[in-house]
Amino acid sequence: MTTTNDSSPKENGQGDRSLPVLQNSSRRTAVKGAFATLGAAAFVAAVSPLRQAAKQTTASEFMQTHYKRLTDEDKRKVIERLEAEVKQEHGVDVDIADDRPIPGTKFVYAINLSVCNGNGKCVEACHKENNHDRATNQSYIRVLEMPKGTMDMEHGNTTYSGVVPKDDKFYLPVQCQQCDEPPCVDVCPVKATWKEEDGIVVVDYNWCIGCRYCEAACPYHARRFNWKQADVPADEINPDQSYLSNRLRPVGVVEKCTYCLHRTRRGKLPACLEACPTGARVFGNILDPDSNIRWILENKRVYILKEDLGTKPAFFYYFD
Ligand code: SF4
Ligand code: SF4
């Protein structure tokens with residue numbers, strides 16, 4: 001099978017020099033806090049992508065409170081507004097839900113590297129499920145073609161092509177590891193990203209100021225920055241969305257794998273798992289003693305990436 005696996009972002013030019021966050025008093029408070037922490041020069045450099053985003057953001061978006069502080073009634077109005085915006089801009093009816101963690105659930109993921117053959121079907125499924133930009137072929141998954149005998153992902157090739165699998169290689173899919181000690185969360189100056197009770201690290205796209213500190217802090221290169229509005233043909237937009245996952249993201253914000261929370265919190269499996277033709281992927285609730293994922297973690301020899309960093313991933317790898 002032939003595959004390409006390149007999801008590198010491309011920078012755009014500079015636009016308006018004003019900082020749109022200053023149009024909103026509640027956000028101004030948060031941003032001033034970040035300013036005090038970072039210092040003037042570092043802060044201006046950090047928020048420079050906003051010059052691009054400013055031209056494409058409505059006043060109501062800037063007036064919006066942080067998701068965590070919205071009342072249920074506020075959320076309903078915000079979601080109605082977002083659905084109406086999609087209808088107006090794309091002519092498509094979408095359903096944006098507010099899927100919350102299921103009590104007693106801690107989601108973890110595992111990949112059997114003896115079985116993964118690098119075909120990239122997971123990458124493709126994530127791309128479609130999460131309404132990624134068609135032109136840049138974005139996805140939350142990178143599959144690294146690795147020389148046999150190492151687990152050091154720095155030796156991996158993310159832009160391999162041709163027939164897979166190759167005899168002297170194995171394949172290492174990498175996506176957000178939903179760490180229990182997530183450095184990306186720690187560095188966010190405005191608390192736009194956090195870890196939820198079921199272990200999923202999320203981003204409030206309407207609160208993110210696009211500074212990209214989290215992207216730099218992630219040792220797994222699992223976050224993406226939106227340089228431009230995702231270009232998805234209207235008839236290909238996945239209408240089944242959630243506020244904190246696969247809704248169409250605004251320009252100038254960071255995004256990441258959410259373990260497909262719009263599916264998994266409704267009892268379905270992640271799109272990447274369903275698409276995998278080899279059965280390499282296993283997902284589930286580690287708190288359930290009868291789950292397949294629990295059995296694997298208790299009975300297989302499992303690996304985590306970059307263990308020395310102390311990030312404590314909720315994402316595991318194993319070999320048969
Ligand atoms: S989520 Fe990331 S890019 Fe957005 S404000 Fe926080 S650190 Fe900056
Ligand atoms: S779990 Fe969902 S969002 Fe995460 S990589 Fe798989 S398809 Fe993409």
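About the thresholds
Residues numbered from 1 in each chain as written. Chains lettered and ligands numbered in written order. Predicted model: local features only at pLDDT ≥ 70, side-chain atom pairs only at ≥ 80, totals over all residues. Heavy atoms only, no water. Helix = DSSP H or I, 4+ residues; strand = E, 2+ residues; numbered from the N terminus. Buried < 20%, exposed > 50% of the residue type's maximum accessible area, 1.4 Å probe, protein only. Contact = heavy atoms within 4.5 Å. Areas by Shrake-Rupley, 256 points an atom, 1.4 Å probe, with all protein chains shown as cover. Core = buried A, V, L, I, M, F, W, Y, C linked by side-chain atoms within 4.5 Å. Expected span 1.5 Å × (residues − 1). Phe/Tyr/Trp six-rings, centres within 6.5 Å; stacked < 30°, edge-to-face > 60°. Lys NZ or Arg CZ within 6 Å of the ring centre and 35° of its normal. Polar contact = N/O pair within 3.5 Å; in protein donor to acceptor, adjacent residues only side chain to side chain. Salt bridge = Lys/Arg side-chain N within 4 Å of Asp/Glu carboxyl O.

Under an unreviewed UniProt entry, the name given to the protein is Tetrathionate reductase subunit B, and the source organism is Stieleria maiorica.

A few words on the overall build of the protein. Per the secondary structure count, the protein includes eleven helices and twelve strands. Out of the 320 residues in the protein, the part that is buried amounts to 53%. The contacts in the protein between residues at least 6 apart in sequence include a share of 69% that link residues at least 24 apart. Summed over all atoms, the accessible surface of the protein reaches about 14300 Å², with 51% contributed by carbon and sulfur.

Right, let's talk about the nonpolar core for a bit. Formed by 63 residues in total, the largest nonpolar core has its most connected members in L172, V174, Y220, Y243, Y259 and Y317. The dominant element in this core, judged by the number of residues it contributes, is strand β2 (residues 107-112), at five residues. When residues no more than four places from it in sequence are discounted, the contact partners of Y317 are I111, L113, M151, L172, P173, V174, Q177, R301, V302, Y303 and L305. In terms of nonpolar packing, the next biggest core, distinct from the first, is built from 17 residues, Y205, C208, I209 and C211 among them.

Next up on the list: helix α5 (residues 72-90). In a regular helix each residue adds 1.5 Å, so 19 residues correspond to 27 Å; α5 covers 27 Å between its end C-alpha atoms and thus fits that length. All of the buried residues in α5 are K75, V78, I79, R81, L82, E83, E85 and V86. Buried residues in α5 make contact with α4 (59-63) and β1 (95-97). Within two residues after α5, G91 carries a phi angle of roughly 70 degrees, on the positive side.

Looking now at the packing of aromatic side chains. By the definition in use, this model includes twelve aromatic pairs. With a centroid separation of 6.1 Å and an interplanar angle of 65 degrees, the aromatic rings of F170 and F319 are classed as edge-to-face. Taken together, the residues F170 in strand β4 (residues 169-174) and F319 in the segment after β12 (315-318) connect sequence positions 149 residues apart. Exposure remark for F170: the relative accessible area of 9% places this residue in the buried category. Ring pairs connect the aromatic residues F107, Y109, Y259, F283, F315 and Y317, which therefore count as one cluster. Across from the ring centre of W207, 5.5 Å away, lies the NZ or CZ of R69, which sits over that ring. R247 extends its terminal NZ or CZ atom over the ring of Y243, reaching a point 4.1 Å from the ring centre.

What follows is about the side chain of N246. With respect to the secondary-structure elements, N246 resides in the loop between β8 (240-242) and β9 (254-256). There is a polar contact of 3.3 Å between the side chain of N246 and the side chain of H262. Beyond its immediate stretch of four places on either side in the chain, N246 contacts E129, N130, N131, N238, D240, Q241 and H262.

Working definition: two side chains of opposite charge can pair if their charged atoms are close together. Applying the stated rule across the entire model yields 24 salt bridges. Here R81 makes a salt bridge to E85, at a shortest N to O gap of 3.3 Å. Separated by four residues within a single helix, R81 and E85 lie in helix α5, roughly one turn from each other. A residue is classified by how much of its surface remains accessible, and R81, at 19% relative accessible area, is buried. A salt bridge links D320 to K300; the nearest nitrogen and oxygen atoms lie 3.4 Å apart. With D320 in the segment after β12 and K300 in the loop between α11 (292-299) and β11 (302-303), this pair connects stretches of sequence that are 20 residues apart. Judged by its relative accessible area of 62%, D320 falls in the exposed class.

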